[in-house]
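Listed below are the residues making up each chain.
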Amino acid sequence: MPPKRKGPLQLVQRETDDIKRKVDSLVKDVQTHSGTAHTEEAFQRCQELKALTEKTRGTLKKLTKAVEPAPVGNYDQRKREEERRLQVIIERLTSLSLELSPPGPSSAVRDAQEEESEEDEDDDEEDDDEADEDDADKDDDKTAVKPPARSDPHIYVALSNFKGEQEGDLSVQRGDVLRIIRKTADGWWLAQDTKGNRGVVPKTYLKIGSGVSDEDDEEDDDDEGDELTEAQEKQSTSIWSTVRKALTEIDATDVLSAMGAIPSGFRPSTLNKLLVEEGQTYRGSHYIQPELSQSQLSFRDLFLDPDTGRVRARQVRTSVCFTLWSCRMIPTPGVGVHVLSRHIRLCAFDGTQVLSNIHTVRATYSAKNPKTWTFSPRMSGDLPTLLDGDCFLRCDSDSPDLGVLFELGVTFIRNSTGERGDLSCGWAFLKLTDPAGVPLTARTYELPVNGGTPFEKDVAMETSVTRGAPGSVFQQMLQSRKQPKLIVKLKSANSRTRTQLSILPDTLLYSLSCVHLLALHRQLLADTLLLDRPTMQNADMLCSPVLATFPVLLDQPDLLDALRSACLDAESNMSRAQKRDLPYLKQEFFKIYMSSAYYLLHSPSLPCQRWADPHSEEQRARVIYAALDALKHDQRATGQSGSLRVFVNPACQHQAFDVEELTFDLLRVARGNRDLHQPPLFRR
């Protein structure tokens, strides 16, 4: 009877057993023999065994259950056990190689130093000092290893103090310079400090660096009597300045990473940085302003129909409506931070640059299931714009990679210091066309949430499943449910919404519930700029409080909600004919706007807006609700939808008058040529 054929996994197990026997034999020979020649031979054997072990582990990772000639019980468990055995062998060989070959300059470096010594006697003396460094340090009781003076990708700086709790751990202090000897997937890296001590350190406590401070280097140079050339001094200065920056400019993200409060894949918020640093460039208040043509004498995206007197509709390459449905399996920040807001920032994106304003939608969650975010919660009354997941995008870009970028973020405050910050919990991208260039159909899409930034590839989130051999179909289904995902639904708009969208600016992303207000503002803008001006060359300032202040509402959504609520109350008392009468609607809108949004904008009792500040948001909501209640009471008393008596009421205060409240400066607010004002490229 022929012998039974061995399977691939069984062959790997036999190879592992053979390697283990060879390693045990090598360790025994090293312990029983000594001498330089034997040490070099043992080191060579150690390197060969390490290469063989790495090759065997690579073969093991490629194995799957399908290649086995016969069924194997507990295949995945057996494979993991072999991986652990090989990992232990690699660690033993690494430690043994370090013992056989202590840290120091390589042969290539020594050859280079010998060549330099033939040319310069000073360099020769420096090499002699380095060769005798160990003996001198034993006599003088000084540090055993000199910190590296050149940039090295294996040099890291400790972000925080770490005290070893087990045998083999390396205790470090904040600012210590470490050389990383081996990096492992479990996050515990083998490191060596400047005193020659070795041990494992968690990678979250480390930040890549280049060396030590200038003062330490100068002290070592004084002890050895070295003289650096001018070029070497410049190089050394640049290295130490980099390290000093790494030690002194540690931001909140680095500290929280060292504490373990930030899961893997989290990054500082990129879109929030653009909103903060670029001023109005990426805000909705900038994109609703008219855009000047190339001649700067007319408008590129604003025209009137001479027959109807309405804004002429403009078709753009992309016009979609979508709904943010929910986010699943989103990692939560750990201890040490208090989350003030969970939200999604979204914009048009083509893979290289932002092509629209950045819109923010706040998410809601349950304390029982904090990893699931939802949008558009059910509530009595009107849904606030900030919580509304129904959005629209108009974009005239011809990029074939155009899509919507979703950045999941949190605004947090550190419990210990009170420091605020914004983090990205991952990002997702929905390309709006298929590979053939056909627009996507209206359906629900499950988008994978990636870690890092849109420019980092294959950055896994904390809850992502590790790559390995595929299991059964049922296991794959369970693993898929554990992946972070964003659920977005593309939908088609009704005819009225499509008509209103067609008169909006060529590029805009905002809440779908505010389309009618944006369309009415667009009509008032066209009337003022295209009808009321004496000539198109006239650039005098215009007296229009609505046009001067309405764009501010897009950056303060609670005031936009107040205006929307007041308009809905007024529309409930209008007849069908009045709702179709455009001049009447514009007249009523002016009165409603002045008695609600305009009054609140200049009310001294309304606190300044601050993002994700519960106390400020509560105070603003109290003032806004009180103003709306007073407006409703006055409407019932007078029978009119809007009243300007609020400005002469002694009980209603108003800030000191400023002419900018009424002045619309076309040259200051109008956007220039698209090519000149294209948003800049993302920088990594």
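To be clear, the structure that these remarks concern was listed above.
Right, let's walk through the structure included here. A quick note: this is a predicted structure, and the numbers were derived from the prediction, not measured.

**Remarks on the environment of Ser95**
Among the secondary structure elements, Ser95 is positioned in helix 3 (residues 75-100). Between the C-alpha atom of Ser95 and that of Leu190, which follows or precedes it by 95 residues, the distance is 9.8 Å.

**Overview of unusual backbone geometry**
At Met329, a residue that is not glycine, the phi angle is positive and equals roughly 55°. Examined against the element boundaries, Met329 turns out to sit in the loop between strand 7 (318-328) and strand 8 (337-349). Overall, Met329 belongs to the partly exposed group, its relative accessible area being 24%.

**Points about the environment of Cys321**
With respect to the helices and strands, Cys321 occurs in strand 7. By relative accessible area, Cys321 is classed as buried at 5%. Taking the C-alpha atoms as reference points, Cys321 and Leu393, 72 residues apart in sequence, are found 6.5 Å from one another. Not counting the four nearest positions on each side in its chain, Cys321 is found in contact with Cys391, Phe392, Lys489, Leu490, Lys491, Ala493, Leu501 and Leu512.

**Describing the packing of helix 18 (residues 582-601) against helix 19 (residues 614-638)**
Running from N to C, helix 18 and helix 19 point in directions that differ by 150°, and their axes come no closer than 10 Å. In terms of orientation, helix 18 and helix 19 fall into the roughly antiparallel class. Here helix 18 and helix 19 pass one another in a crossing that is right-handed. Along its contact with helix 18, which presents Ser595, Ser596, Tyr599 and Leu600, the element helix 19 presents Val623, Ile624, Ala627 and Leu631. Per-class residue counts for the contact of helix 18 with helix 19 are 6 nonpolar, 2 polar and no charged.

**Some points on the sheet that holds strand 6 (residues 267-268)**
Strand pairing in a sheet is mediated by backbone hydrogen bonds. Such pairs are either parallel or antiparallel. Read from one edge to the other, the open sheet built from 5 strands follows the order 6-14-13-8-9, with strand pairing classed as antiparallel. Where the open sheet ends on each side, the last strands, each with one partner, are strand 6 and strand 9 (359-362). Two strands pair when backbone bridges link them, and strand 6 and strand 14 (residues 420-431) are joined in this way by 2 bridges, in the antiparallel orientation. Bridging across to strand 14, Pro268 finds its partner in Leu423. Against the sheet, helix 10 (residues 270-277) makes contact with strand 6, strand 8, strand 13 (403-414) and strand 14, and its axis sits at roughly 85° relative to strand 8, the strand it touches most.

**Things to note about the side chain of Asp506**
Examined against the element boundaries, Asp506 turns out to sit in the loop between helix 13 (495-502) and strand 17 (508-511). For Asp506, a relative accessible area of 1% translates into the label buried. A polar contact of 2.8 Å, which involves the side chain of Asp506, links it to the side chain of Arg314.

**Observations regarding the packing of aromatic side chains**
Counted according to the given criterion, the structure contains 7 aromatic pairs. When the centroid spacing of 6.3 Å and the interplanar angle of 40° are considered together, the rings of Phe550 and Tyr593 count as tilted. You can see Phe550 sitting in helix 15 (residues 545-553) and its partner Tyr593 sitting in helix 18, a full 43 residues away along the chain. For the pair formed by Phe550 and Tyr593, the shared burial category is buried. An aromatic cluster of at least three residues, connected via ring pairs, comprises Phe162, Trp188 and Tyr205. In this arrangement the basic side chain of Arg345 is found over the ring face of Trp611, its NZ or CZ atom lying 5.3 Å from the centre. Directly above the aromatic system of Trp611 lies the positively charged group of Arg362, at a separation of 4.6 Å from the ring centroid.

Criteria and thresholds
- All residue numbers refer to positions counted from 1 along the written sequence of the respective chain.
- In keeping with the predicted nature of the model, local features appear solely for residues at pLDDT of at least 70, side-chain atom pairs appear and are counted solely at 80 or more, and the whole-chain, interface and lining totals rest on all residues.
- The basis for the side-chain values is all heavy atoms of the structure; hydrogens and waters are excluded.
- Each helix is a run of DSSP H or I of at least 4 residues and each strand a run of E of at least 2, with the numbering of both proceeding from the N terminus.
- Only protein chains enter the accessibility calculation, which uses a 1.4 Å probe. A residue is then buried if its area is under 20% of the maximum for its type, exposed if over 50%, and partly exposed in between.
- We call two residues in contact whenever any of their non-hydrogen atoms come within 4.5 Å of each other.
- Interaxial angles span 0 to 180 degrees and are taken between N-to-C directions of axes, which are lines fitted to C-alpha atoms, for helices over the stretch in contact.
- Our angle categories are set so that under 35 degrees counts as roughly parallel, over 145 as roughly antiparallel, 65 to 115 as roughly perpendicular, and the remainder as oblique.
- Each crossing is labelled by how the near helix is turned from the far one, with a counterclockwise turn of less than a right angle marking it left-handed and a clockwise turn marking it right-handed.
- Residue classes follow a fixed rule: Ala, Val, Leu, Ile, Met, Phe, Trp, Tyr, Cys and Pro count as nonpolar, while Asp, Glu, Lys and Arg count as charged, and any other residue, Gly among them, counts as polar.
- In short, DSSP must find at least two bridges between two strands for them to pair.
- By the criterion applied in these results, polar contacts are pairs of N or O atoms within 3.5 Å in which, for protein atoms, one can donate a hydrogen and the other can accept it, and in which residues neighboring in sequence qualify only through two side-chain atoms.
- To pair, rings of Phe, Tyr and Trp, with the six-membered ring standing in for Trp, must have centres within 6.5 Å; the planes then decide the type, stacked if under 30 degrees apart, edge-to-face if over 60, and tilted in the middle.
- Should the NZ of a Lys or the CZ of an Arg lie within 6 Å of a ring centre and within 35 degrees of the ring normal, that charge is described as sitting over the ring.

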